[in-house]
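# Survey of secondary and tertiary structure
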Amino acid sequence: MNIQQDPEFMMTLQRVVEFVGTFAFALSGIRLAASKHYDWLGGFVCGVAVAIGGGTIRDVMLGVRPFWMLSPIYLICTLMAQGVVIVFHHYLKRLDNTWFLFDTLGLALFNIAGIQKTIDCGFPFWVAIIMGCITGAAGGVIRDVLLNEEPVIFRKEIYAMACILGGLTYWALDSMGVSLYVTTAVAFLVVCAIRLIAVRYHISLPKLHDEEPGEPRQE
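Presented here is a report on the structure given in the accompanying data block. (Residues numbered from 1 in each chain as written. Predicted model: local features only at pLDDT ≥ 70, side-chain atom pairs only at ≥ 80, totals over all residues. Heavy atoms only, no water.)

### Some thoughts on the overall build of the chain
- Counting its regular elements, the chain contains eight helices and zero strands.
- Helices and strands in the chain line up, N terminus first, as α-α-α-α-α-α-α-α.
- Taken over 219 residues, the chain has a buried fraction of 45%.
- Across the chain, every contact between residues at least 6 apart in sequence was considered, and the portion connecting residues at least 24 apart equals 75%.
- As displayed, the chain has an accessible area near 12,100 Å², and 66% of this comes from carbon and sulfur atoms. (Helix = DSSP H or I, 4+ residues; strand = E, 2+ residues; numbered from the N terminus. Buried < 20%, exposed > 50% of the residue type's maximum accessible area, 1.4 Å probe, protein only. Contact = heavy atoms within 4.5 Å. Areas by Shrake-Rupley, 256 points an atom, 1.4 Å probe, with all protein chains shown as cover.)

### A word on the environment of G140
- Along the chain, the position of G140 falls in helix α6 (residues 125-146).
- Sequence separation between G140 and C46 is 94 residues, and the spatial gap between their C-alpha atoms is 9.6 Å.

### Points about unusual backbone geometry
- With a phi close to 60 degrees, N148 is a non-glycine residue in the positive phi region.
- Of note, N148 is situated in the loop between α6 and α7 (160-175).
- Under the relative-accessibility criterion, N148 is labelled exposed at 72%.
- Its identity is not glycine, yet H202 carries a phi of approximately 55 degrees, on the positive side.
- On the secondary structure map, H202 appears in the segment after α8 (180-200).
- The exposure class of H202 is exposed, given its relative accessible area of 71%.

See below:
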């Protein structure tokens, strides 16, 4: 796969995407912790878990130092998100749909960051799609486990599948020689659109069935 890209632009883009994604994910995690009346430390832990969890798993699997260990900006970003939740908690209940939007933006941004970093490390594109999915979705799984919720990827809502389709879009556009700027923007919009449309119209993947309803279980 011949991927033409400006290294300086890629580095800047990855940092911007990871920073914005960290803030968006941290907000969603801390907001959910606040809804369960966690203390400040508990909220920060949940925010950090969702903000850096997926990227940490990705970097360990890629054999590189986890991104948040290279700069304190990601922990500072999580602290900023916690400050927003603490200061404006009286207004947060009016923004339930906004938190879903933050989670969707974080999912799309981290998915792209995972794809780009994997490509930058020299791995093939099929690995990049998997790593993009892990980067975007794994943090939410860790958050839900900490909050004693059913992991989001196991719910009816399309979540990880949006990352996969966004990664395939990225790959298709890159194969056609589309510029990196356009490829990144379109892949981001695809993930967001799929997630929003799936939730709006209650679209989900088919369920697995163990047995027919009412059928007696065989001993």
